[in-house]
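Here's the letter readout for the chains.
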Amino acid sequence: MTAKERREQLLTVGRALFAEKGFEGTSVEEIATRADVSKPVVYEHFGGKEGMYAVIVDREVQALLGALTDALSVRAHPRQLVERAALALLGYIEDSPDGFRILSRDSPVAQTAGTFSNLLGDVSQQVEGLLGAQFRKRGLDPSVAPFYSQMLVGMVALAGQHWAEVREPSKQVVAAHMVNLAWNGLSTLERDPGLPGD
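What counts, and where the lines are drawn
- Residues numbered from 1 in each chain as written.
- Predicted model: local features only at pLDDT ≥ 70, side-chain atom pairs only at ≥ 80, totals over all residues.
- Heavy atoms only, no water.
- Helix = DSSP H or I, 4+ residues; strand = E, 2+ residues; numbered from the N terminus.
- Buried < 20%, exposed > 50% of the residue type's maximum accessible area, 1.4 Å probe, protein only.
- UniProt positions renumbered as here; feature names shortened; annotations may be inferred.
- pLDDT = per-residue confidence, 0-100.
- Contact = heavy atoms within 4.5 Å.
- Polar contact = N/O pair within 3.5 Å; in protein donor to acceptor, adjacent residues only side chain to side chain.

A separate point is unusual backbone geometry. The bulk of non-glycine residues show a negative phi, and the bulk of peptide bonds are trans. In this structure, the amide linkage connecting E168 to the following residue, P169, adopts the cis form with an omega of -5°. Mapping P169 onto the fold places it in the loop between α8 (145–166) and α9 (171–187). Phi at D36 is positive, roughly 60°, even though this residue is not glycine. Here D36 shows up in the loop between α2 (28–35) and α3 (39–46). What makes D36 exposed here is its relative accessible area of 70%.

Now the structure itself:
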């Protein structure tokens, strides 16, 4: 096996273990055993499980962010953008369940850059720009767009986490319900909302 092939093999093994057991539950010894190599080989390629984990998380972040960015970067009606974003997230979960488990699970390494929450923050900024433009167009206050962006992205992300575990109904049905709540709720926003006690 070439060094590049060995590195990819170790990443594949590590990715499966991190998805199954989490960062804390996975050891360099276990990675080495499953890959049928010695522990020094793992250290030689990654410096330890932290280095391997960082590479895996970075790859998953790039894959998911790329899918979401592609979904939001087309010129389309805002409802279609919500649909595209929901389907992009659910598609990533469907195609890369181990990657999604790694991104959405808390771990010491994931508390710095490259976390699922940071990724959602990046997506929220994109959505914020889209919402701000729509709010201005509809005579709504664009200064609250960041809050709505966080709510929308959070709704999709949490529903995605739930769907990752249960896998039913189909992603199209789940996406349709997400869009139903998000769009129908957004389409009738009050200009100056208040609570009943106000």
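Read on, since the account is not over.
Before going further, it helps to spend a moment on the UniProt feature "domain: HTH tetR-type" (unreviewed entry) in the protein chain. On the UniProt side, "domain: HTH tetR-type" (unreviewed entry) is annotated at positions that read residues 4–64 here. Across residues 4–64, the secondary structure splits into 82% helix and 0% strand, with the terminal C-alpha atoms separated by 24 Å.

Our next topic: the confidence of the model for the protein chain. For the protein chain, the average pLDDT comes to 87, and 94% of its residues sit at 70 or higher. Considering only residues more than four positions removed or in separate chains, one finds that residues 107–114, a stretch of pLDDT under 50, has 14 contacts.

Mapped onto the secondary structure, S149 falls in helix α8. Looking at S149, the relative accessible area reads 1%, which means it is buried. Within polar-contact distance, the side chain of S149 engages the backbone nitrogen of E128 at 3.4 Å. Not counting residues within four places of it along the chain, the set of residues in contact with S149 comprises S124, Q125, V127, E128 and L131.

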